[in-house]
Amino acid sequence: MSADLGLLLLRLTVGLLIAGHGAQKLFGWFGGHGLAGTAGWLGSMGLRPAALWAFMAAISEFGGGVLLALGLLNPLGSLGVMAAMLMAISMVHWRNGVWAAQAGIEFPLTNAVVALTLALAGPGAYSLDAALNLALPEPATLIVGVILVSLGIISALLSRPRQRVTTGAAGRAG
């Protein structure tokens with residue numbers, strides 16, 4: 001019982017907070033900028049088409065967070081959260097090091113690992129999966145999901161225009 005209660009608390013806390021971030025991007029709730037603002041921000045980082053990636057970010061966070069909080073269709077919610085956090089790490093936080101005080105990877109990495117842990121542990125007895133007697137095939141769903149998340153991140157990173165490297169006079173052959 002205590003393990004199931006712990007899973008419930010972890011799912012609710014992380015899932016609802018991540019869903020809130022998604023609601024900022026998707027609906028403009030909680031001081032967010034909605035899809036248009038998110039698209040502008042992602043476009044400024046070079047993601048193309050920005051509107052598509054804004055929707056993907058918003059739905060990964062909102063939908064993933066809601067599914068995670070409810071313990072519904074495990075591990076799909078975890079995969080959505082992991083996708084959003086790994087994109088955030090690769091696009092924004094990686095270059096800043098580890099610590100959140102310097103906008104590093106600390107917080108999104110923690111969220112991604114919590115989501116992965118919940119995917120591996122399962123949603124527990126206090127979940128909609130348990131109440132509805134639902135279970136997606138394991139470990140196939142998680143393995144295929146991780147592959148799809150990886151392909152999505154690679155696609156997003158490849159959608160950015162390549163920067164041209166210029167060399168000064170010292171770098172030119174003569």
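Our subject is the structure listed above.
Computed from a predicted model, the values in this text were never measured in an experiment.

Rules behind the numbers
- Residues numbered from 1 in each chain as written.
- Predicted model: local features only at pLDDT ≥ 70, side-chain atom pairs only at ≥ 80, totals over all residues.
- Heavy atoms only, no water.
- Helix = DSSP H or I, 4+ residues; strand = E, 2+ residues; numbered from the N terminus.
- Expected span 1.5 Å × (residues − 1).
- Buried < 20%, exposed > 50% of the residue type's maximum accessible area, 1.4 Å probe, protein only.
- Arc of directions from axis to C-beta.
- Core = buried A, V, L, I, M, F, W, Y, C linked by side-chain atoms within 4.5 Å.
- Contact = heavy atoms within 4.5 Å.
- Phe/Tyr/Trp six-rings, centres within 6.5 Å; stacked < 30°, edge-to-face > 60°.
- Salt bridge = Lys/Arg side-chain N within 4 Å of Asp/Glu carboxyl O.
- Axes fitted to C-alpha atoms, helices over the stretch in contact; angles between N-to-C directions.
- Parallel < 35°, antiparallel > 145°, perpendicular 65-115°, else oblique.
- Left-handed = near helix turned anticlockwise from the far one by under 90°.
- Nonpolar A, V, L, I, M, F, W, Y, C, P; charged D, E, K, R; others polar.
- Polar contact = N/O pair within 3.5 Å; in protein donor to acceptor, adjacent residues only side chain to side chain.

Draft legend 1. Focus on helix H7 (residues 140–158). In a regular helix each residue adds 1.5 Å, so 19 residues correspond to 27 Å; H7 covers 27 Å between its end C-alpha atoms and thus fits that length. All of the buried residues in H7 are Thr 141, Leu 142, Gly 145, Val 149, Ile 153 and Ala 156. All buried residues of H7 fall inside an arc of 100° around its axis, so they share one side. Counted as exposed and oriented over 90 degrees from the buried face of H7: Leu 148 and Leu 158.

Draft legend 2. Spotlight on the nonpolar core. Of all hydrophobic cores here, the largest spans 28 residues; its most connected members are Leu 42, Leu 47, Val 81, Met 85 and Met 87. Of all the elements in the fold, those that place two or more residues in this core are helix H1 (2–27), helix H2 (34–44), helix H3 (50–70), helix H4 (76–93), helix H5 (106–121) and H7. In terms of residue count, H4 provides more of this core than any other element does, eight residues in total. Excluding its chain neighbours within four sequence positions, the residues that come into contact with Leu 47 are Leu 42, Trp 53, Met 87, Met 91, Ala 156, Ser 159 and Arg 160.

Draft legend 3. Here's a closer look at the packing of aromatic side chains. Using the criterion set out here, one finds three aromatic pairs in the structure. Ring centres of Phe 27 and Phe 62 lie 5.3 Å apart, and the angle between their planes is 90°; this geometry places the pair in the edge-to-face category. Of the two residues, Phe 27 sits in helix H1 while Phe 62 sits in helix H3, which places them 35 residues apart along the sequence. According to the relative accessible area criterion, Phe 27 is partly exposed, its value standing at 41%. A relative accessible area of 23% means that Phe 62 is categorised as partly exposed.

Draft legend 4. Region of the structure containing the pattern of salt bridges. Counted according to the given criterion, the structure contains one salt bridge. Note that Lys 25 is salt-bridged to Glu 61, the shortest N-O span being 3.0 Å. With a gap of 36 residues between them, Lys 25 in helix H1 and Glu 61 in helix H3 connect regions that are remote in the sequence. Lys 25 gets classed as buried once you look at its relative accessible area, which sits at 15%. Residue Glu 61 is classed as buried on the basis of its relative accessible area, which comes to 7%.

Draft legend 5. Region of the structure containing the packing of H4 against H7. Close contact between H4 and H7 brings their axes to 10 Å; oriented N to C, the two are set at 30°. With respect to H7, the element H4 is oriented roughly parallel. Of the two possible hands of crossing, H4 and H7 adopt the one that is right-handed. In this structure, H4 contributes Leu 76, Leu 79, Met 82, Ala 83, Leu 86, Met 87, Ser 90 and Met 91 to the contact, and H7 contributes Thr 141, Leu 142, Gly 145, Val 146, Val 149, Ile 153, Ala 156 and Leu 157.

Draft legend 6. Molecular detail of the packing of H2 against H3. Interaxial distance between H2 and H3 falls to 8 Å at its minimum, and their mutual angle equals 115°. Between H2 and H3 the crossing geometry is right-handed. Contacts from Leu 35, Thr 38, Ala 39, Leu 42 and Gly 43 in H2 reach Ala 50, Ala 51, Trp 53, Ala 54, Phe 55, Ala 57 and Ala 58 in H3. Its residues assigned to classes, the contact of H2 with H3 comprises ten nonpolar, two polar and no charged.

Draft legend 7. Here's a closer look at the environment of Arg 11. Inspection of the secondary structure assignment puts Arg 11 in helix H1. Residues Arg 11 and Leu 118, spaced 107 residues apart in sequence, show a C-alpha to C-alpha distance of 7.6 Å. Other than its neighbours up to four places away in sequence, Arg 11 contacts Leu 16, Leu 68, Ala 69, Leu 70, Gly 71, Leu 118, Pro 123, Tyr 126 and Ser 127. At 3.3 Å, the side chain of Arg 11 forms a polar contact with the backbone oxygen of Ala 69.

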